[in-house]
Structures are given as C-alpha cells and as structure tokens.
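One letter stands for each residue in the lines below.
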Amino acid sequence: TAAQKGTLIHLCVQKLDEKKDYTKEDLREFVIELKNRNIISERETESINVELLYKYTKSELWQELKQAKEIHKEEPFYINVPAREIFDEAAEDEMILVQGIIDLYYVDKEGRLILVDYKTDYLPDGDVNKLEEKYKVQLDLYKKALEGALNQKVDKAMIWALNK
C-alpha cells in the first residue's frame, strides 16, 4: 500500500548516513543490506524506490545535514496540550497527552535548530505548501514539544516531501 511504502521510505531515510555521498548503486546495495540484516523483507526490498532515495541524497536538505553540528532522528516525545488546540469542541480546561516521534531535527552549521517532518503523501500538482497546510497542527505540536524538551527555540520547522 502507499502507507507501507511510505513507512519503508521513512525507514531508509532514518538509516542513511548523512556524511556519505551516495550513488544509485550505493543505494541499491544499502537496500539489499537492509534485507540481508533482516530489517526488511524481499518483497519490501522490491518496493523501495531507489530513485526517490537518490533524489533525497542530492537535495538541499541532505547538503545541510552533511554540514550539521548535530543530527537527531526518530526521537519520541510526549507533551500535554490543551485539548482545544486539537479539538474545537473540547472542554476549556481539558488537557491531552500527545505522543509522537519527530522524524528529524538537527543543529545546522550556524547553530540553528531545524525541525523536519517527512511526508510521503501523493501530491498531484507537486505543491508542498498543501502538505504544510494539511499538517500544520502536527508540525506546531512537534515544534512546541521540541522547544520544551530542549529549552531552545526552533528556528525553522518544515515538511519535507519524500515522493516523486
């Protein structure tokens, strides 16, 4: 399914080494190594879009990560938020414990804290702004949680589309 393929792409991105310059052949070998280590199945191996991974490793984000001072991937978080921030009909004083996993945050070469949430949603017109609108509440929650956990301002929070 599209969701399963998205999960596989997330897994691959999580396991990539940001200090490397990958060729397409390197990425094919990387995927085979995931299979050989029993991280993914043969069927999953066949459904991973190596071209998509290659495009990611040639992106502006990847170049920033290569120079980053710190990189943190797949970090779990918990945060209490007023229920009204998520549900309009919630009681005024009701709180909700939100848990999630931050795909990526890093400290760039200038010391800025950057938050990234990967999405694999299909974009018929390629408009990433639609993803940012769709996931604004989620991204804001992640930003709030990260700022609270690190006691540091997030300088930039963004959606990164991992799709064709």
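See the structure shown above.
Keep in mind the model is a prediction, meaning the values are calculated, not measured.

The rules behind the values
Residues numbered from 1 in each chain as written. Predicted model: local features only at pLDDT ≥ 70, side-chain atom pairs only at ≥ 80, totals over all residues. Heavy atoms only, no water. Salt bridge = Lys/Arg side-chain N within 4 Å of Asp/Glu carboxyl O. Helix = DSSP H or I, 4+ residues; strand = E, 2+ residues; numbered from the N terminus. Buried < 20%, exposed > 50% of the residue type's maximum accessible area, 1.4 Å probe, protein only. 1 Å grid on protein atoms, 1.4 Å probe; cavity = no way out; pocket = protein on both sides within 12 Å on 5 of 7 lines; lining within 4 Å. Points joined across faces, edges and corners; volume = space filled by probe spheres on them. Nonpolar A, V, L, I, M, F, W, Y, C, P; charged D, E, K, R; others polar.

S.K.: Could you give an account of the pattern of salt bridges, naming the residues involved and the relevant values?
M.R.: As enumerated under the stated definition, the model contains 11 salt bridges in all. With a closest N to O distance of 2.2 Å, lysine 66 and aspartate 21 form a salt bridge. Linking lysine 66 in helix α5 (residues 60-66) with aspartate 21 in the loop between α1 (2-15) and α2 (24-36), this pair joins segments that are 45 residues apart in sequence. Here lysine 66 falls in the partly exposed class, since its relative accessible area comes to 22%. Taking the shortest distance from any N to any O, the salt bridge between lysine 134 and aspartate 121 comes out at 3.0 Å.

S.K.: Can you break down the layout of surface pockets residue by residue, with the values?
M.R.: Gaps left between atoms show up when a probe the size of a water molecule is rolled over them. The volume enclosed by the second largest pocket comes to roughly 230 Å³. Around the second largest pocket, the lining residues are Thr1, Gln4, Lys5, Thr7, Leu8, Leu11, Ile39, Ile40, Ser41, Arg43, Glu44 and Ser47. Contributions of two or more residues to the lining of the second largest pocket are made by α1 and α3 (42-47). Ranked by residues supplied to the lining of the second largest pocket, first place goes to α1 with 5 residues. Split into classes, the residues belonging to the lining of the second largest pocket amount to 4 nonpolar, 5 polar and 3 charged.

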